[in-house]
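Architecture at a glance
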Amino acid sequence: MSIKNIRLEVMQFLEKNVDSFVEQYLIPVEKIWQPSDFLPNSEGENFFEEVKELREIAKELPYDFWVTLVGDTITEEALPTYESWLMDVEGVNQVENGGNGWSKWIRQWTGEENRHGDLLNKYLYLSGRVNMREIEMTTQHLINDGFDIGTGTDPYKNFVYTSFQELATYVSHNRVSQIAKKFGDNKLSKMCKMIAGDEMRHHHAYSEFVTRIFQVDPSEMMLAFQYMMKQKIVMPAHFLRESGQKISTAFEQFSDSAQRIGVYTATDYVEIMQKLINKWEVDKITNLTDEAEKARDYLMKLPARMAKISERIVIPQESHIFKWVEPARL
């Protein structure tokens, strides 16, 4: 039997529990928070006073913070790309009988994630600190350009990616929350903390999928994990560009801003890798082929190697001036 057929069998095996995954890791629409819970009430008599207060507090936040918040918002708003990518994964079917369990999971996960971009976009719009038209053009470019995360349609590789990426977005939003609080913006801090909570919950879900695959197809799961770590996890917004620029030209400069203020760093990348190795107890997995044993050895040594490399990374001290965030507005 081909590797592809075995993966399909494993996905069908896991699909029997999709309803319990939805119940455990996602929250019903009527119970989960919505963006309007954290924003000035446009129906209320005090709306303009609330907006004025939001704008006053926002004045204290530094340049690199705004760049990072804008980049995070754009990343969240490119969800149509991520949903369409995951719908193509082996074992996911959105057509037959109204879709299978996995397509149900992806739609409901997308529904939760979609709130993040909605909330941050409205905050940015009300803050008066950024050029919304430039941000909107970047978002449209990012959706137009799509992305290639190096997973193909392989569910094992895709679940490694989502396990890693959800934890990375947790780190990023949580740090933004901490910085906002430090500068006195408690409302923005709470917004980002709520978003971070969603991301951690989603991380637990995707990493549980990988745990279950390790139980039934350990060698192939180990090889998929090694493959993704070897080629490195690219961020969802790696094709980021400003208006009039070429694809991917803004991503490194956005990353530099995030590293400069400590929102997401090369050290975080290494720590997330180590957390996944620990979570999946890679050192204890048995019944591996010789090839998978070599993959395990590679994975166990990789964080230490990557940590040494990350120590040599030099981040430019000067901020790139983005069209999204004009210094004159701050």
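Treat the numbers as computed from the prediction; the structure is a model and nothing was measured. Sequence order sets the numbering: in each chain, residues are counted from 1 along the sequence as written. Local features in this predicted model are restricted to residues whose pLDDT is 70 or higher, and side-chain atom pairs enter the listing and the counts only when it is 80 or higher, whereas totals over whole chains, interfaces and linings include all residues. To obtain the side-chain values, all non-hydrogen atoms of the structure were used and water was disregarded.

**Looking at the overall build of the chain**
Only DSSP runs of H or I covering at least 4 residues are called helices, and only runs of E covering at least 2 are called strands; the numbering of each starts at the N terminus. When helices and strands are counted, the chain shows 13 helices and zero strands. Each residue is placed in one exposure class: buried if its accessible area under a 1.4 Å probe, protein chains only, is under 20% of its type's maximum, exposed if it is over 50%, and partly exposed if it falls in between. In the chain, buried positions account for 53% of the 330 residues. Restricting to contacts in the chain with at least 6 residues of sequence separation, those with at least 24 account for 83%. Surface exposure here means Shrake-Rupley accessible area, sampled with a 1.4 Å probe, where a residue is shielded only by the protein chains that are shown. Per element, the accessible surface of the chain, about 16,000 Å² overall, is 50% carbon and sulfur. Placing the 38 positive and 50 negative side-chain charges of the chain at their respective mean positions leaves the two points 4 Å apart. Contacts are residue-level and defined by heavy atoms, with any inter-residue pair within 4.5 Å sufficient. The charged-residue count follows a simple rule in which Lys and Arg add positive charge and Asp and Glu add negative charge, with His and chain termini not counted at all. Charged groups are reduced to one reference atom each: NZ for lysine, CZ for arginine, CG for aspartic acid, CD for glutamic acid.

**A closer look at the nonpolar core**
Nonpolar core, defined: a set of buried Ala, Val, Leu, Ile, Met, Phe, Trp, Tyr and Cys residues in which side-chain atoms within 4.5 Å join the residues together. Counting residues in hydrophobic clusters, the biggest one holds 103 residues, and the most contacted among them are Leu69, Trp102, Trp105, Tyr123, Phe164, Phe225 and Met229. If we ignore the near neighbours within four places in the chain, the residues touching phenylalanine 164 are Met229, Ile233, Met235, Tyr264, Tyr269, Ile272, Met273 and Leu276.

**Notes on the packing of aromatic side chains**
Ring pairs shown here join Phe, Tyr and Trp side chains whose ring centres sit within 6.5 Å, with only the six-membered ring taken for Trp; geometry is labelled stacked below 30 degrees between planes, edge-to-face above 60, and tilted in between. Counting across every chain of the model gives 20 aromatic pairs. Judged by centre distance (5.4 Å) and plane angle (80°), the ring pair of tryptophan 33 and phenylalanine 38 falls under edge-to-face. Comparing tryptophan 33 with phenylalanine 38 shows no difference in burial state: the two are buried. Taking the centre distance of 6.1 Å and the plane angle of 65° together, the rings of phenylalanine 251 and phenylalanine 254 count as edge-to-face. Of this pair, phenylalanine 251 and phenylalanine 254 are both found in helix α11 (residues 251–260), three residues apart, which corresponds to roughly one turn of the helix. Taking relative accessible area as the criterion, phenylalanine 251 reaches 18% and is therefore assigned buried.

**What about empty space enclosed by the protein?**
Site definitions follow a grid-based scheme: protein atoms alone, a 1 Å grid, a 1.4 Å probe that fits but cannot get out for cavities, and for pockets an open set with protein on both sides within 12 Å along at least five of seven lines, plus lining residues having an atom within 4 Å of a point. Grid points are joined across faces, edges and corners, and a volume is the space filled by probe spheres set on the points. Applying the stated criterion across every chain, the model contains two cavities of 30 Å³ or more. Of the pockets and cavities examined, the largest cavity occupies roughly 220 Å³. Lining the largest cavity we find 17 residues, and of these Tyr82, Trp109, Gln165, Glu166 and Pro236 sit closest to its centre. Only α4 (63–77), α5 (79–86), α6 (101–127) and α8 (155–182) provide two or more residues apiece to the lining of the largest cavity. Sorting elements by how many residues they give to the lining of the largest cavity places α8 first, with five residues. Here the term charged refers only to Asp, Glu, Lys and Arg, the term nonpolar to Ala, Val, Leu, Ile, Met, Phe, Trp, Tyr, Cys and Pro, and the term polar to all other amino acids, Gly among them. Here the lining of the largest cavity is composed, by residue class, of nine nonpolar, four polar and four charged. In this model, the second largest cavity occupies a volume close to 50 Å³. By residue number, the principal contributor to the lining of the second largest cavity is α6, which donates three residues. The residue inventory of the lining of the second largest cavity, partitioned by class, reads nine nonpolar, no polar and no charged.

**Side note on unusual backbone geometry**
Even without being glycine, lysine 232 reaches a positive phi, approximately 75°. You can see lysine 232 is positioned in the loop between α10 (218–231) and α11. The class for lysine 232 is partly exposed, based on a relative accessible area of 43%. One non-glycine residue, asparagine 287, adopts positive backbone phi at about 60°. Following the sequence through the fold, asparagine 287 ends up in the loop between α12 (266–279) and α13 (290–311).

**Some thoughts on the confidence of the model for the chain**
Confidence scores labelled pLDDT are given residue by residue by the predictor and lie between 0 and 100. When pLDDT is averaged across the chain, the result is 95; 98% of the residues are at 70 or more. Taken element by element, the predicted model of the chain shows its lowest mean pLDDT in helix α1 (residues 3–15) (90) and its highest in helix α9 (residues 186–216) (98).

**Re the pattern of salt bridges**
Salt bridge, as applied in this entry: a Lys or Arg side-chain nitrogen positioned within 4 Å of an Asp or Glu carboxyl oxygen. For the structure on display, the rule yields 14 salt bridges. As a salt-bridge pair, arginine 7 and glutamate 220 come within 3.2 Å of each other at their nearest N and O atoms. Here the residue arginine 7 occupies a position in helix α1, and glutamate 220 occupies one in helix α10, the gap between them amounting to 213 residues. Overall, the relative accessible area of 8% leaves arginine 7 in the buried class. Connected through salt bridges with shared partners, the residues Glu112, Arg115, Asp198 and Arg201 form a single ionic network.

**Side note on α10**
Over its 14 residues, α10 runs 20 Å from end to end, which matches the ideal 20 Å to within 8%, given 1.5 Å per residue. When you tally the buried positions in α10, you get ten out of 14 residues, the bulk of the element. The set of residues buried in α10 consists of Pro218, Ser219, Met221, Met222, Leu223, Ala224, Phe225, Gln226, Met228 and Met229. Each helix should span, by expectation, one fewer than its residue count multiplied by 1.5 Å.

**What to know about α6**
A rise of 1.5 Å per residue sets the reference length of α6, with its 27 residues, at 39 Å; its end C-alpha atoms lie 40 Å apart and thus fit the reference within 8%. With 19 of 27 residues buried, α6 lies mostly within the body of the structure. The backbone nitrogen of tryptophan 102 has a side-chain oxygen 3.2 Å away, supplied by the residue at the start of α6, namely asparagine 100. Taken from the residues just after α6, glycine 128 is the one with a positive phi, measuring 70°. Nitrogen and oxygen atoms within 3.5 Å of one another constitute a polar contact, given that in protein one can donate a hydrogen and the other can accept it, and given that sequence-neighbouring residues count only through two side-chain atoms.

**Quick word on the layout of surface pockets**
Take a probe with the size of a water molecule and roll it over the atoms, and the empty space left behind shows itself. Roughly 760 Å³ of volume is contained in the largest pocket. Every element with two or more residues in the lining of the largest pocket is listed here: α4, α8, α11, α12 and α13. Considering every element that reaches the lining of the largest pocket, the biggest residue donor is α11, with seven residues. Looking at side-chain class alone, the lining of the largest pocket contains 20 nonpolar, ten polar and five charged residues. A volume near 210 Å³ is recorded for the second largest pocket. Along the wall of the second largest pocket there are 15 residues; nearest its centre are Phe38, Leu54, Lys187, Leu188 and Met191. Among the elements that line the lining of the second largest pocket, the one with the most residues is α9, at five residues. Tallied by class, residues from the lining of the second largest pocket come to eight nonpolar, two polar and five charged.

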